[in-house]
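# Structural overview for review
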Amino acid sequence: MLGFLQRPVVVTADINLNVVALTAVGLLSRLWQLAYPRAVVFDEVYYGQYISFYMKRIFFLDGSGPPFGHMLLALGGYLGGFDGNFLWNRIGAEYSTNVPVWSLRLLPALAGALSVPMAYQIVWELGFSHCAAVGAALLILIENALITQSRLMLLESALIFFNLLAVLSYLKFSNSQKHGPFSPSWWFWLILTGVACACAVGIKYVGVFTYLLVLGVAAVHAWHLIGDQTLSNVRVLCHLLARAVALLVIPVLVYLLFFYVHLLLLCRSGPHDQIMSSAFQASLEGGLARITQGQPLEVAYGSQVTLKNAFGQPVPCWLHSHQSTYPVIYENGRGSSHQQQVTCYPFKDVNNWWIVKDPGRHQLVVNNPPRPVRHGDIVQLAHGMTTRLLNTHDVAAPLSPHSQEVSCYIDYNVSMPAQNLWRLDIVNRESDTDVWKTIVSEVRFVHVNTSAVLKLSGAPLPDWGFRQLEVVGEQLSRGYHGSTVWSVEEHRYGRSQEQKERELELHSPTQTDVSRNLSFMARFSELQWRMLTVRSDDSEHKYSSTPLDWVMLDTNIAYWLHPRTSAQIHLLGNIVIWASASLATLVYALLFIWYLFRRRRRVCDLPEDCWLRWALAGALCAGGWAVNYVPFFMMEKTLFLYHYLPALTFQILLLPVVLEHVSDHLCRSPVN
């Protein structure tokens, strides 16, 4: 029983010294003097502010991509003890002593360094020689642009790392399929493929291109698996379910996990809150949460409310009115009703308050007990400061002549009767008896007389409207659009019937305590939608370029200039590598088409195993280049040279593959 004590315990391991050496050299090239320059370099000014937000746990919104990449950079700051106190306002600004520059740049540098041995492993797993694998790794190692990008606080090196990890993991899984399906290593590489794909997408949305590439290759392999007559139906079903869980379900769960951690960390109100809904803002500490704390949940007749438009474009704004009236005659000669103006105002103001009135009663206070307003109820909206009722009629809106003017009704004793009845339509209701709720409910106001719906057109009014945004009545359509949806942000129960007392009441806080925490999925859905739809700055940049400029390296980017010594950092690739990689891609495409035509004629120039290896290498390397390059031709955004680096990495992997193929199969002398 204790015999194992009589013999030494021996552990054997196969160590590939090529991988060890490449890893060491990769680390040296990326980590040596990593803290130089100790100044803000190009887009570090952009990502640095988000790191500071993480350190201070302040919510932010970045439409450039999901939060995983930002969290990786913030992790470097956390490990270095960064407190977030630095003003990221200028490229070239010297970092203060509290900024751990080396730590902030560490994770991108590690990702860039580990991409070197990973390139070796990918080419080796594809079935090519050690010489070709070493060649691919060395090309990744010495490529100028990849070195530059990975030594700074930027995301491209991390994106490339997870792209390569996804491909490598799938290749290892595919190769283990031949020897030990459903073994621990088989499961490990399959699950790691899904996790790596999720990480790539979690860093930048363009990571989805590599994810789709891997899914495509996996789908082809699964199709061949279905046709394998040596496998039972149950075995085939198990294979398909395993792939579906690992490559579809797990990536979604990991992607959700990124947002869960992101929202867990960023729990405080910040400068980016206003673009979010009132419910989202109220879930953050400070800001709107401080204002809305203690508000009644259910809107009742007599409630005093502010109504925020759900669209948030061109800016977040609230339904508003004031004493000024529409001009009798507009500049274009059209006439108006000369009624009191109703607009959408992008600032907090006492004129944003409205009172929900029961059309059958004159009182503007809440009964005891309160009578809640429900979906489908007919209401009037009285402007809090003027008590005039929200109205629309068959008069053209000032800037949208095909829509109706919205006003607060003034009785001029002319033949223009009031039309101030509105039907409440709760868009996100669970039943037709739902109660209108503060912050939670998304509502539309449908005009009873004309069936027009209250809508924010978003057009800024002229000077007579104080440049506030136009509100119109538009014929009700079945489609949902945020410009027609409103939510109650601030709410109190009105207690004063007298106008003077009510005006004082509008400025006082409420005390009723109601909790209004959004679920994670609700916050995730809103945040993801805002990230996908937020308008980015598409203005031309001094160093912007087009995809056609990238292939032959007709562009570069000046990243940094030393103010005294004129030392510079430029993002500039190695022209020999870029041109050779482009030529290799062209040669591969021509050879692949040639072989395909020949095989169609029943002429097999390559043995079957060589052909499959050649096709798989093209699918992953040439395909990886194509899916990470071609979509940029269809993107309407400001593009830079660094956007090409993920595609370039796959193209570099193809270069030694093509060279070895040409050497082994095209330049080989025929045997006599």
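In this text the structure is predicted, and so the values were computed from the model without any measurement.

### Thoughts on the state of the cysteines
One covalent bond between the sulfur atoms of two cysteine residues makes up a disulfide. Per the stated rule, a full pass over the model turns up one disulfide. Cys317 shares a disulfide with Cys344; S-S distance 2.3 Å. Disulfide Cys317 to Cys344: torsion about the S-S bond roughly 90°, handedness right-handed. Of the two residues, Cys317 sits in the loop between strand 1 (303-309) and strand 2 (318-325) while Cys344 sits in strand 3 (residues 340-345), which places them 27 residues apart along the sequence. In this structure, Cys317 and Cys344 share a single accessibility class: buried.

### So, the pairing of strand 5 (residues 378-383)
By the criterion of burial, strand 5 is predominantly enclosed, with five of the six residues buried. Pairing of strand 4 (residues 353-357) with strand 5, which is carried by four bridges, proceeds in the antiparallel orientation. Within the sheet, the bridge partner assigned to Trp354 lies in strand 5 and is His383. Pairing of strand 5 with strand 8 (residues 422-426), which is carried by two bridges, proceeds in the antiparallel orientation. Across the sheet, residue Ile378 finds its bridge partner in strand 8, namely Arg423.

### Structural notes on a nonpolar patch on the surface
There is a patch of nonpolar side chains on the surface, built from Leu257, Tyr260, Val261, Leu264 and Leu265 and spanning about 430 Å² of accessible area. Turning to its location among the elements, Leu264 is positioned in helix 10 (residues 233-265).

### Topic: the domain arrangement of the protein
By domain assignment, the protein separates into domain 1 (17-263) and domain 2 (296-508). Here domain 1 and domain 2 have C-alpha centroids that lie 50 Å from each other.

### Observations regarding the packing of aromatic side chains
Enumeration according to the criterion identifies 45 aromatic pairs in this entry. Both rings, one in Tyr46 and one in Tyr50, keep their centres 5.3 Å apart while their planes meet at 85°; by these two values the pair is edge-to-face. Of this pair, Tyr46 and Tyr50 both sit in helix 2 (residues 44-56), four residues apart, which is roughly one turn of that helix. Its relative accessible area of 6% is what places Tyr50 among the buried residues.

What counts and how
- Within every chain, residues take consecutive numbers counted from 1 along the sequence as written.
- The model is predicted, so local features are restricted to residues of pLDDT at least 70 and side-chain atom pairs to those at 80 or more, both for listing and for counting; the totals for chains, interfaces and linings are taken over all residues.
- The basis for every side-chain value is the complete set of heavy atoms in the structure, and neither hydrogens nor water enter the calculation.
- Only a pair of cysteine sulfur atoms within 2.5 Å qualifies as a disulfide here.
- Only runs of H or I of at least four residues qualify as helices and only runs of E of at least two qualify as strands under DSSP, and these elements are numbered from the N terminus.
- Only protein chains enter the calculation, and the probe is 1.4 Å; a residue is then buried if its accessible area is under 20% of its type maximum, exposed if over 50%, and partly exposed in between.
- Paired strands, in this sense, are two strands between which DSSP finds at least two bridges.
- Patches draw on residues past 30% relative accessible area with no salt bridge. Two like charges within 9 Å are joined, as are two nonpolar side chains (Val, Leu, Ile, Met, Phe, Trp, Tyr) within 5 Å.
- Note on areas: Shrake-Rupley, 1.4 Å probe, and residue coverage restricted to the protein chains presented here.
- For salt bridges, the criterion is a side-chain nitrogen of Lys or Arg within 4 Å of an Asp or Glu carboxyl oxygen.
- A domain assignment, automatic or from a database, supplies the domain bounds used here.
- Only centres within 6.5 Å qualify two rings of Phe, Tyr or Trp (six-membered ring in Trp) as a pair; their planes then separate them into stacked at under 30 degrees, edge-to-face at over 60, and tilted for everything else.

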